[in-house]
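# Per-entry structural report
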Amino acid sequence: MKQKIIPILSFLLICIFQTYGENVNIPVSIEAEKIEKESEDILKAEGNVVVHYKDYVLYADKIVYDQKKDIIHLINNIKIKTKDFNLSGERGWWDVSNEIGEIYNIKGILYGKYYVKAKTLRKVKDRFYFKKGEFSLCNFDQYDWYFKSSKGSIKEDDKLIAYNLTFRFCGLPLLYTPVFYYPTGSRQSGFLIPIVGQDTYNDFTLKIPFYLVTGRSSDMTVTYDYRNKQGQGVDLEFRYRFSRYSLLKTQFFYFKEKSDGFWWDGRNIDPLDKRWRIYGNSKFKWGDFKVFFNLEIPSDPYFYEDFYNTSAFNKRYISYTKSQLLAVYEDRDYAVEVNFDFLYDLSKPNNEETLQRLPELRFYVKKRNLWKKLPIYFDFLSVNTNFYREKGDTGIRSDNLFNFSLYTHYKKISNIFEVHQRTTVYAGTKDLNDGYGIRNLFHIKNTSRMVEYRKYNNFTHSIIPQISFDYISKVKQDDLPYFDRDDRIPSVKDVDFSLFNILNFSSNDFFRWEVGSGYTFLDKFFIGDKEYEGNLKPVKNSIYFKIKGVSGENTLFYDLDRNQITRSISSLSIPFFNLFTYSVVHSFDKGIETDSLNQLTSSVSFGIKNLIFSGTVLNNLKDGYVQQRRFALTLNRNCWSLTFTFIEDYIKTTDKRYQTYYLTLNILDIRYNLPFLTSKPQQ
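Owing to the predicted nature of the structure, the values given are computational and were not obtained by experimental measurement.

Turning our eyes to something else, we now look at the overall build of the chain. Of regular secondary structure, the chain possesses two helices and 43 strands. A separation of at least 24 residues holds for 40% of the contacts in the chain among residues at least 6 apart in sequence. As displayed, the chain offers around 39,000 Å² of accessible surface, 56% of which is attributable to carbon and sulfur atoms.

The residue after L358, namely P359, is reached through a cis peptide bond having omega -10 degrees. Its place among the elements puts P359 in strand β23 (residues 356-371). Backbone geometry at K125 places phi at a positive 55 degrees, although glycine is not the residue there. With respect to the helices and strands, K125 occurs in the loop between β8 (114-124) and β9 (127-136). Positive phi outside glycine occurs at N638, with the angle close to 70 degrees. For N638, the position within the fold is in the loop between β40 (625-636) and β41 (640-651).

A few words now on the nonpolar core. One finds I30, L58, L110 and W145 to be the most contacted residues of the largest nonpolar core, which totals 47 residues. Ranked by size, the runner-up nonpolar core spans seven residues in total, among them Y304, F307, Y344 and L346.

Applying the stated criterion across every chain, the model contains five cavities of 30 Å³ or more. Here the largest cavity defines a volume of roughly 60 Å³. If you trace the largest cavity, you find it lined by L110, V116, K117, A118, F130, G133, E134, F135, I154 and L160. Elements represented by at least two residues in the lining of the largest cavity include exactly β8 and β9. Among the elements that take part in the lining of the largest cavity, β9 stands out by supplying four residues, more than any other. Along the lines of polarity and charge, the residues of the lining of the largest cavity split into seven nonpolar, one polar and two charged.

This part takes up the state of the cysteines. Tallied over the full model, the rule gives one disulfide. The residue that forms a disulfide with C138 is C639, at a sulfur-sulfur distance of 1.8 Å. Here the disulfide of C138 and C639 is right-handed, its torsion about the S-S bond being about 80 degrees. Here C639 lies in the loop between β40 and β41 and C138 lies in the loop between β9 and β10 (145-155), a separation of 501 residues in the sequence. For the pair shown, C138 and C639 are each scored as buried. Free cysteine C170: the closest other cysteine sulfur is in C138, separated by 9.0 Å.

Now for the pairing of strand β2 (residues 34-37). Relative to strand β3 (residues 42-53), β2 is paired through four bridges, and the arrangement is antiparallel. Residue pairing across strands places I35 opposite A45, the latter belonging to β3. The hairpin formed by β2 and β3 contains four residues between the paired strands.

Further remarks concern the packing of aromatic side chains. This model, assessed by the stated rule, comprises 45 aromatic pairs. Both rings, one in Y111 and one in F128, keep their centres 6.2 Å apart while their planes meet at 75 degrees; by these two values the pair is edge-to-face. You can see Y111 sitting in the loop between β7 (100-110) and β8 and its partner F128 sitting in strand β9, a full 17 residues away along the chain. Here Y111 matches F128 in class, with each residue buried. Ring geometry for F242 against F284: centres 5.4 Å apart, planes inclined by 55 degrees, an arrangement best described as tilted. With F242 in the loop between β17 (231-241) and β18 (247-257) and F284 in strand β19 (residues 274-286), this residue pair connects regions lying 42 residues apart in the sequence. An aromatic cluster is built from Y53, Y56, F85, W94, Y111 and F128, whose rings are joined through pairwise contacts. The cationic tip of K285 hangs over the ring face of Y245; the distance from NZ or CZ to the ring centre is 5.4 Å.

Here D70 shows up in the loop between β4 (56-66) and β5 (71-81). K54 provides the closest opposite charge to the buried, salt-bridge-free D70, at an N-O distance of 9.2 Å. Of the polar contacts made by the side chain of D70, one reaches the side chain of Y65; its length is 2.6 Å.

This part takes up a nonpolar patch on the surface. Together, F576, F577, L579, F580, Y582, F606, I608, L611 and L633 give the surface a local cluster of nonpolar side chains, amounting to about 890 Å² of exposed area. Only β37 (580-589) and β38 (597-608) provide two or more residues apiece to the nonpolar patch. Secondary-structure assignment places L579 in the loop between β36 (564-576) and β37. When its relative accessible area of 54% is taken as the criterion, L579 is described as exposed.

The next point concerns the pattern of salt bridges. This structure, assessed with the given rule, holds 37 salt bridges. Here R239 ties to D219 by a salt bridge, and the two come within 2.6 Å at their closest N and O atoms. Within this pair, whereas R239 is found in strand β17, its partner D219 is found in strand β16 (residues 218-227), the two being separated by 20 residues in sequence. For E237, the salt bridge identified is with R239, shortest N-O distance 3.1 Å. The exposure class assigned to E237 is buried, which follows from its relative accessible area of 17%.

Cut-off values and rules
Residues numbered from 1 in each chain as written. Predicted model: local features only at pLDDT ≥ 70, side-chain atom pairs only at ≥ 80, totals over all residues. Heavy atoms only, no water. Helix = DSSP H or I, 4+ residues; strand = E, 2+ residues; numbered from the N terminus. Contact = heavy atoms within 4.5 Å. Areas by Shrake-Rupley, 256 points an atom, 1.4 Å probe, with all protein chains shown as cover. Core = buried A, V, L, I, M, F, W, Y, C linked by side-chain atoms within 4.5 Å. Buried < 20%, exposed > 50% of the residue type's maximum accessible area, 1.4 Å probe, protein only. 1 Å grid on protein atoms, 1.4 Å probe; cavity = no way out; pocket = protein on both sides within 12 Å on 5 of 7 lines; lining within 4 Å. Points joined across faces, edges and corners; volume = space filled by probe spheres on them. Nonpolar A, V, L, I, M, F, W, Y, C, P; charged D, E, K, R; others polar. Disulfide = S-S within 2.5 Å. Pairing = 2+ DSSP bridges. Phe/Tyr/Trp six-rings, centres within 6.5 Å; stacked < 30°, edge-to-face > 60°. Lys NZ or Arg CZ within 6 Å of the ring centre and 35° of its normal. Lys, Arg positive; Asp, Glu negative; His and termini not counted. Salt bridge = Lys/Arg side-chain N within 4 Å of Asp/Glu carboxyl O. Polar contact = N/O pair within 3.5 Å; in protein donor to acceptor, adjacent residues only side chain to side chain. Patch = residues over 30% accessible without salt bridge, like charges linked within 9 Å, V, L, I, M, F, W, Y side chains within 5 Å.

This is how it looks when you write it as structure tokens:
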């Protein structure tokens, strides 16, 4: 014990001298089993040596510290740790004052993600220079792929430069290049990894993106797009950020088609050899004033079907695109919006009959208390729209809604009484006398509920009965123009009952159940937008729960008069031992024959070690066909992954079946789509 105390006392004296002697700005502390001063400027330490300075920690079996030059020589089993790197080696030296050094036969981690091996590694300021080096994103226990280079350098938030580089995958050399650049930061100009693959129409596709930093707040990407059957084109995307909130993003895609492809068969327009898409998305803010701008216009209605035929987001199914200019001013009391909407209808050969809102002006007086002594609130909304189209009805509609609300409560009972006055004025419509029309609606609604709850050991049970009365006056409106559903507000004279049972568990699990029905004093009622005849409303049964990982919900409407289910939406997700999950979603709506719905979506996913499988099948039960199949199998090795994907879509309106197969190799967080099989629409 005494033998250990004496070296420690000597070490403390040396540290005090070192700290306040010549190197006042860089205090260095040394811990070791043995410390001795060989000369006035040379300090030696042996046995589990640990050196601390700033945020650096150096380990070695032995060190020699030249205090005059401020250089530490590390000998045997050395390690250097800091917030940016953790490196081990056989020997090396470190300049404390200049934070430069060199390590031999190193192995370690740079910047928390690059696993590096090298014959020598030299640090100069913020850049590391290596010779005979290897680096990868795979940890050393799973060194599946790596880059091997004769020499190079790397710097965080800058780039990696390597010479005579080979890319090795599972020990096999797959790629060689004399010079290799890889951005280690988020913004570096240069070519991005090309994407090779195939899609529904082409056996071979190639995309070569080039990323260009155009300024401190702007950049752009230029992508060459080649498709062996369709042709070739270019995609240009430009981004500019004005501030934290304000930004501009524009994109222009141009494609030159080779010839009349099979995808034009059966279409109602002639084949096009020039295809394009203009896109923009921007937002700006100045104090309480905001401007939003969205632009999306394709060259033709079939653009998305032809150029997004392997999209994971099923963009080829969209029926329209929307371009919008929206200006908003909002403070604590008011909000004003000016909105220009332009819709491009993809379901028709031209846009002549498409209804546009050019412009729409909204003015909103926010809810406020009219009298402090009573909880009476008032708000007002005015929506003024100019409806325009080349062919068909046009006109101006001013829709004004005055809302009054009274909130009261007594013990466990709360009540909301609402009065709405809605005045709609039409002008400039050719079907009205003098081009002028008006509609006044009066809407009264009262909702009362009582909350009763009881606490148990592991959960709380709440019971909430609710009753509501709803009245909308009947007015003559069939002679008014029809632009959208707000032009036909049905009369209502209903009473509705609901009973809620809610269980909240201490484990954050829950179970919520609602059952209710209603009665109309008229001869028809509505569920959503659908109209039904009769007085007694269907029974609504709604369940929503999450218990021990199993979650689900169901909303069902049962018609007592017809003894049938009119609408049902259900979902259930069941995990099995955190390895296997099965989910199912069923949508059913009786509707009318041409507007009914009956679909079932089944999904399954499971993982076994590094393998992950997921699959989804969408069945159209009404017409008896499979609308979509989608399967994916992924080998996930953390630092890289390989995914096989199969997608099959059937479009009944065109009687076409699209099948797509592709492999995706993800390395360095960049995805390569590899050609696998040829696929095209099947008739």
